[in-house]
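Coordinate analysis (summary)
Listed below are the residues making up each chain.
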Amino acid sequence: MHAEYLCPTLTALTSDGGVDFESQHRLYDRLIEAGIDGAIVLGSSGEFYAMTLDECCELGLDAIRHIAGRMKVYVGCGRLKMDETVELSNRMLDAGATGVIVVGPYYIGASEEGIFSYYDEVASRVHGNILIYNYPERTGYDVTPAIINRLLERHGNIVGIKDTVESATHTQAIVKGVKAEHPDFLVYSGFDNNLVPTVFAGGNGVIAAISNMAPELCASWIRAFKADDLKETARIHAEICRLMDIYRITTPFMPGMKKVLEFQGMGFTDRSLAPAVTCDDAAAAAAERIASILKEESHV
């Protein structure tokens, strides 16, 4: 059974808010060595929303250069201004990105026709593969199977979707509603613990952040799927469910997860861009417990 785990990479920051490229490269190399299928740079985990267009471009181009084809690289290019979305997307694709991932306009909301029109124009102007980033909790609207099918009738470069909706049934509805007519369309859940129901329903895997701090475990999970090893698949599923607490120790979750990487010696600190703040004592202790769980798992 085929499945993929793509990592929406965290962004390592210096004390002045710039990118710590040395630690960033260390993270990419760790993902590659573990066998993770690809990186999503400048997703929500990467804090794209708090960066300028130039900062996003610099980070995206650096990732493409450093990874150098050793795993897939999708770059988050969704900007509030469509021209910036198109410009950033085409620069990343020209530099060698596998594709781009585009969240629709957020804050203002949109009708079904507005959502279709946005992605219709983006796809017509971007000359490469696009993943739709569906995140209703943040955008205020849902990119439904009906919208996706309309888009696929017009654009062969829309190749998949990241569905960041906690209910697995929502992602399964996309699988059911789109893949019957478009079997090569890629459907990924945005939640680590939804890998099993997504893949068993006919989806392609997850784009989910636990792989930043546990890439070996996540890659082992994919290998178990591919080997049809249900016992190991179930064991790792239970371990991933145990690790889901990482998303609740800080709001947003990035400082807490970065703190785990700090305890793992990855060179990260919990510095994150506003409105995120560094960990308080309780959050730091929770992150340390998760780092200890991962250390124990590595010896199983």
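Relevant structure appears above.
Now for a look at the structure at hand.

What counts and how
Residues numbered from 1 in each chain as written. Predicted model: local features only at pLDDT ≥ 70, side-chain atom pairs only at ≥ 80, totals over all residues. Heavy atoms only, no water. Helix = DSSP H or I, 4+ residues; strand = E, 2+ residues; numbered from the N terminus. Rg over C-alpha atoms; globule rule 2.2 N^0.38 Å. Buried < 20%, exposed > 50% of the residue type's maximum accessible area, 1.4 Å probe, protein only. Contact = heavy atoms within 4.5 Å. Areas by Shrake-Rupley, 256 points an atom, 1.4 Å probe, with all protein chains shown as cover. Axes fitted to C-alpha atoms, helices over the stretch in contact; angles between N-to-C directions. Parallel < 35°, antiparallel > 145°, perpendicular 65-115°, else oblique. Left-handed = near helix turned anticlockwise from the far one by under 90°. Nonpolar A, V, L, I, M, F, W, Y, C, P; charged D, E, K, R; others polar. Salt bridge = Lys/Arg side-chain N within 4 Å of Asp/Glu carboxyl O. Patch = residues over 30% accessible without salt bridge, like charges linked within 9 Å, V, L, I, M, F, W, Y side chains within 5 Å. 1 Å grid on protein atoms, 1.4 Å probe; cavity = no way out; pocket = protein on both sides within 12 Å on 5 of 7 lines; lining within 4 Å. Points joined across faces, edges and corners; volume = space filled by probe spheres on them. Lys, Arg positive; Asp, Glu negative; His and termini not counted. Charge placed at Lys NZ, Arg CZ, Asp CG, Glu CD. Pairing = 2+ DSSP bridges.

When its secondary structure is counted, the protein chain shows twelve helices and eight strands. Taken against the 2.2 N^0.38 rule, which gives 19 Å for 300 residues, the C-alpha radius of gyration of the protein chain at 18 Å falls within 12% of a compact globule. When its C-alpha atoms are laid out on the principal axes, the protein chain stretches across 50 × 45 × 35 Å. A buried classification covers 57% of the 300 residues belonging to the protein chain. In the protein chain, the share of contacts with a sequence separation of at least 24, taken over all contacts with a separation of at least 6, comes to 73%. Summed over all atoms, the accessible surface of the protein chain reaches about 12,400 Å², with 51% contributed by carbon and sulfur.

In contact at an axis separation of 9 Å, helix H1 (residues 21-34) and helix H9 (residues 215-226) are set at 30° when each is read in the N-to-C sense. As summarised for this structure, H1 and H9 are arranged roughly parallel, according to the angle between their axes. In the crossing of H1 with H9, the sense of the turn from one axis to the other is right-handed. Contact with H1, carried on its side by Arg30, Leu31 and Ala34, involves Pro215, Glu216, Ala219 and Arg223 of H9 and no other residues of that element. Partitioned by chemical class, the residues of the contact of H1 with H9 number four nonpolar, no polar and three charged.

What follows covers the pattern of salt bridges. The final tally for this structure, using the stated rule, is 15 salt bridges. With a shortest N-O distance of 2.7 Å, lysine 258 and glutamate 47 are connected by a salt bridge. Of the two residues, lysine 258 is situated in helix H11 (residues 254-263) and glutamate 47 in the loop between strand S2 (38-41) and helix H2 (53-67); the sequence distance between them amounts to 211 residues. Among the residues examined, glutamate 47 registers a relative accessible area of 0% and is labelled buried. The salt bridge involving glutamate 113 is made with arginine 150; its shortest N-O contact spans 3.2 Å. Remark: arginine 150 occurs in helix H6 (residues 145-154) and glutamate 113 occurs in helix H4 (residues 112-125); sequence separation between them is 37 residues. The class for glutamate 113 is partly exposed, based on a relative accessible area of 42%. We classify arginine 150 as partly exposed; its relative accessible area is 30%.

This next bit is on a nonpolar patch on the surface. On the surface, Met1, Phe200 and Leu230 cluster together to form a nonpolar patch covering roughly 330 Å² of accessible area. With respect to the secondary-structure elements, phenylalanine 200 resides in helix H8 (residues 195-200). The exposure class of phenylalanine 200 is partly exposed, given its relative accessible area of 47%.

Let us now look at empty space enclosed by the protein. Inspection of every chain in the model, using the stated rule, returns one cavity of 30 Å³ or more. Put simply, the largest cavity is a space of about 30 Å³. In terms of lining residues, the largest cavity is bounded by Leu42, Gly43, Phe48, Gly76, Cys77, Gly78, Ile101, Val103 and Tyr133.

Our focus in this paragraph is a negative patch on the surface. Taken together, the side chains of Asp54, Glu55, Glu58 and Glu87 present a region of like negative charge at the surface. Counting residues per element, the negative patch draws most heavily on H2, at three residues. Its place among the elements puts glutamate 87 in helix H3 (residues 82-95).

Where empty space is left becomes clear once a probe the size of a water molecule has been rolled over the atoms. A volume near 910 Å³ is recorded for the largest pocket. Along its surface, the largest pocket is lined by 30 residues, and Ser44, Tyr135, Arg138, Pro252 and Phe253 are the ones closest to its centre. At three residues, helix H5 (residues 136-139) tops the list of elements feeding residues into the lining of the largest pocket. Residue composition of the lining of the largest pocket, by class: 17 nonpolar, eight polar and five charged.

Once that is clear, we can look at the pairing of strand S3 (residues 72-76). The side chains of a regular strand alternate, residue by residue, between the two faces of the sheet. Most of S3 sits inside the fold, with four of its five residues counted as buried. Bridge count for S2 against S3 is four bridges, and the pairing is parallel. Paired with alanine 39 across the strands is valine 73, a residue of S3. Summarising the sheet, S3 and strand S4 (residues 99-103) pair through three bridges and their orientation is parallel. For tyrosine 74, the partnering residue across the bridge sits in S4 and is glycine 99.

Take it as geometry only, folks, not as evidence of what the structure does.
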